[in-house]
Amino acid sequence: MKTLGIVFSNIHDRELGELAAKRTLASVPFGGRYRLVDFPLSNMVNSGISKVGIITKYNYQSLMDHVGSGKHWDLSRKNGGLMILPPFGDESSHAVYTSRFEALKNISHFLRRSEENYVVMSDCDCVCNCDFSEIVQYHIDRHSDITVVYREKDIEAGKTRTLFDMDVDNRVKTVTISDKIAGKKASVYTNICVMNRQFLLNILENSGEYGYKSFSADVLGKGCKNWRVYGYKHTGYFASIDSVANYYKHSLELLDGDTRASLFDNNGANIYTKVRDSAPCRITDSALVTNSLIADGCVIEGTVINSILFRGVKVAKGAVVKDSIVFQEGAVESGSRINCVIADKNVHILDGRELSGHATHPYYIAKNVII
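Throughout what follows, the structure given in this document is the object of discussion. (Residues numbered from 1 in each chain as written. Predicted model: local features only at pLDDT ≥ 70, side-chain atom pairs only at ≥ 80, totals over all residues. Heavy atoms only, no water.)

### Concerning the overall build of the protein chain
Inference 1: Helix and strand content of the protein chain: 11 helices and 30 strands.
Inference 2: For 371 residues, the compact-globule estimate of 2.2 N^0.38 gives 21 Å, and the protein chain sits close to it at 21 Å.
Inference 3: The principal-axis extents of the C-alpha atoms in the protein chain amount to approximately 65 × 50 × 40 Å.
Inference 4: The burial tally for the protein chain puts 54% of its 371 residues in the buried class.
Inference 5: Element-wise, carbon and sulfur atoms account for 45% of the exposed surface of the protein chain, whose accessible area totals about 16,200 Å².
Inference 6: In the protein chain, which carries 44 positive and 42 negative side-chain charges, the distance between the mean positions of the two groups comes to 2 Å. (Helix = DSSP H or I, 4+ residues; strand = E, 2+ residues; numbered from the N terminus. Rg over C-alpha atoms; globule rule 2.2 N^0.38 Å. Buried < 20%, exposed > 50% of the residue type's maximum accessible area, 1.4 Å probe, protein only. Areas by Shrake-Rupley, 256 points an atom, 1.4 Å probe, with all protein chains shown as cover. Lys, Arg positive; Asp, Glu negative; His and termini not counted. Charge placed at Lys NZ, Arg CZ, Asp CG, Glu CD.)

### A look at the pattern of salt bridges
Inference 1: As enumerated under the stated definition, the model contains eight salt bridges in all.
Inference 2: A salt bridge links Lys222 to Asp218; the nearest nitrogen and oxygen atoms lie 3.3 Å apart. Of this pair, Lys222 and Asp218 both sit in helix α9 (residues 215-222), separated by four residues, roughly a single helical turn.
Inference 3: The exposure class assigned to Lys222 is partly exposed, which follows from its relative accessible area of 40%. (Salt bridge = Lys/Arg side-chain N within 4 Å of Asp/Glu carboxyl O.)

### Points about the packing of aromatic side chains
Inference 1: Inspection of the entire model under this criterion finds 11 aromatic pairs.
Inference 2: Ring geometry for Tyr138 versus Tyr232: centroids 5.1 Å apart, planes at 85°, classification edge-to-face. Note that Tyr138 is positioned in helix α6 (residues 132-141) and Tyr232 in strand β12 (residues 229-233), a separation of 94 residues in sequence.
Inference 3: Taking relative accessible area as the criterion, Tyr232 reaches 16% and is therefore assigned buried.
Inference 4: Every member of this aromatic cluster is reached through a ring pair, and the members are Phe30, Tyr34, Phe39, Tyr247, Phe264, Phe310 and Phe327.
Inference 5: Seen from the ring of Phe8, Arg100 lies directly overhead, with NZ or CZ sitting 5.0 Å from the centre.
Inference 6: Sitting over the ring of Tyr138, Arg142 keeps its end group 3.7 Å from the ring centre. (Phe/Tyr/Trp six-rings, centres within 6.5 Å; stacked < 30°, edge-to-face > 60°. Lys NZ or Arg CZ within 6 Å of the ring centre and 35° of its normal.)

### Remarks on the sheet that holds strand β20 (residues 303-305)
Inference 1: Strands sit in the order β17-β20-β23-β26-β29 across an open sheet of five strands; the sheet is parallel. Either end of the sheet is taken by a strand with one partner, and the two such strands are β17 (288-290) and β29 (354-356). Taken over all neighbouring pairs, the strand axes of this sheet differ in orientation by 5° on average, direction set aside.
Inference 2: Inspection of the sheet shows β17 paired to β20 by three bridges, in the parallel sense. By the bridge assignment for β20, Thr290 is matched with Ile305. (Pairing = 2+ DSSP bridges. Axes fitted to C-alpha atoms, helices over the stretch in contact; angles between N-to-C directions.)

### Description of the side chain of Ser292
Inference 1: Looking at the element boundaries, Ser292 is found in the loop between β17 and β18 (293-294).
Inference 2: Side-chain polar atoms of Ser292 contact the backbone nitrogen of Asn306, separated by 3.2 Å.
Inference 3: A distance of 3.1 Å separates the side chain of Ser292 from the backbone nitrogen of Ser307, its partner in a polar contact.
Inference 4: With sequence-adjacent residues up to four places away left out, Ser292 is seen in contact with Leu255, Val304, Ile305, Asn306 and Ser307. (Polar contact = N/O pair within 3.5 Å; in protein donor to acceptor, adjacent residues only side chain to side chain. Contact = heavy atoms within 4.5 Å.)

### Considering the pairing of strand β10 (residues 172-178)
Inference 1: Two strands pair when backbone bridges link them, and strand β9 (residues 161-166) and β10 are joined in this way by six bridges, in the antiparallel orientation. Residue pairing in the sheet places Phe164 in a bridge with Val175 of β10.
Inference 2: Where β9 hands over to β10, the hairpin turn is made up of five residues, of which Asn170 adopts a positive phi near 70°.

### Examining the nonpolar core
Inference 1: Core analysis: the largest hydrophobic core is formed by 58 residues, its most contacted members being Leu41, Val127, Tyr247 and Ile325.
Inference 2: With four residues, the single largest contributor to this core is α6.
Inference 3: Residues Ile146, Tyr189, Cys193 and Val219 belong to the second largest nonpolar core, which totals 36 residues. (Core = buried A, V, L, I, M, F, W, Y, C linked by side-chain atoms within 4.5 Å.)

### With respect to the sheet that holds strand β22 (residues 314-315)
Whether parallel or antiparallel, the strands of a sheet pair through hydrogen bonds between backbone atoms.
Inference 1: Across the sheet, which stays open at both edges, the five strands sit in the order β16-β19-β22-β25-β28 with parallel pairing between neighbours. The open sheet terminates on both sides in strands that have one partner only, identified here as β16 (282-283) and β28 (348-349).
Inference 2: Here strand β19 (residues 299-300) pairs with β22 via two bridges, running parallel. Bridge pairing in β22 places Val299 opposite Lys314.

### A closer look at the environment of Arg197
Inference 1: Within the secondary structure, Arg197 is located in helix α7 (residues 197-205).
Inference 2: Expressed as a C-alpha distance, the spacing of Arg197 and Glu156, which sit 41 residues apart in the sequence, is 34 Å.
Inference 3: The contacts of Arg197, once residues within four sequence positions are left out, are Leu111, Arg112, Ser114, Glu115, Glu116, Asn117, Tyr118 and Val119.
Inference 4: In this structure the side chain of Arg197 is engaged in a polar contact, spanning 2.8 Å, whose partner is the backbone oxygen of Leu111.

Okay, structure coming up:
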């Protein structure tokens, strides 16, 4: 059951606004020491996938620095392993892709040269711990052309979602793409799917004849009437990082022990990341830390409540960090108070500052800013 992994690194950059302004979405920090790309990569490796291509578009220097050769995910290999797939990958690529379907067309040469029978595709902002080998087996057992992973959830207002209507055997009958449906529970596409590699290639190479331009609207929406498209229900923890507010919300969900256990150690399937050698966190006698995730290398002398601090953050005596996320090498000086704040890398908050946002609209401080 040879399977190829494809990760989309830039599909939802616009939704993350300032967080993804100077980095690809895949390299956005998450959970105190991880990047978003760690989740699909770890899921693929845990599922026995040893060849993974990451489709890039722009701002992917930090992504390349993070994943390197792939050794931290056991993907540094002579055959297969981790591959960065930049835009303009072959002579037929004349423009930067603007959709998932165009991104796949740009890597058709990579798909043709691969030998795997199946392709697992995932967005980089799918934060979950999922066994892809089970989904591939489900795909095989049903002789499916496309298997889409969905979850049952309440629809939020103003969010464009791809929704499935399925029969009793979970075969997809109709696909709806809309931002007008809200306030009810539906089967929502997670942007994870499985396809036969040759089947995917045939669609890409004949897209002009089919008139296909969109993966969701055309391949799934029109294809479900002619092909065997089945849904696979994901029941574990799942977070879609599709806005700054959702990034903040799902980050703070990790303060719950059951959520962390479900995500980071699902029956022994761990989430891996780039290993950095840092000194342990130091919490002094003057510090008060409550319900927070504190990464290594931090020095805490003040108060930290319901917050996530990445590596090397310093909180001075008399400072208060509450309901906030502080990225690597940040500093909060004495007398300062921050509440519902996302502070990017190397942010320095000087003495006596008071900064506050709201859970639905956290206050964001850009990288390297001194306040």
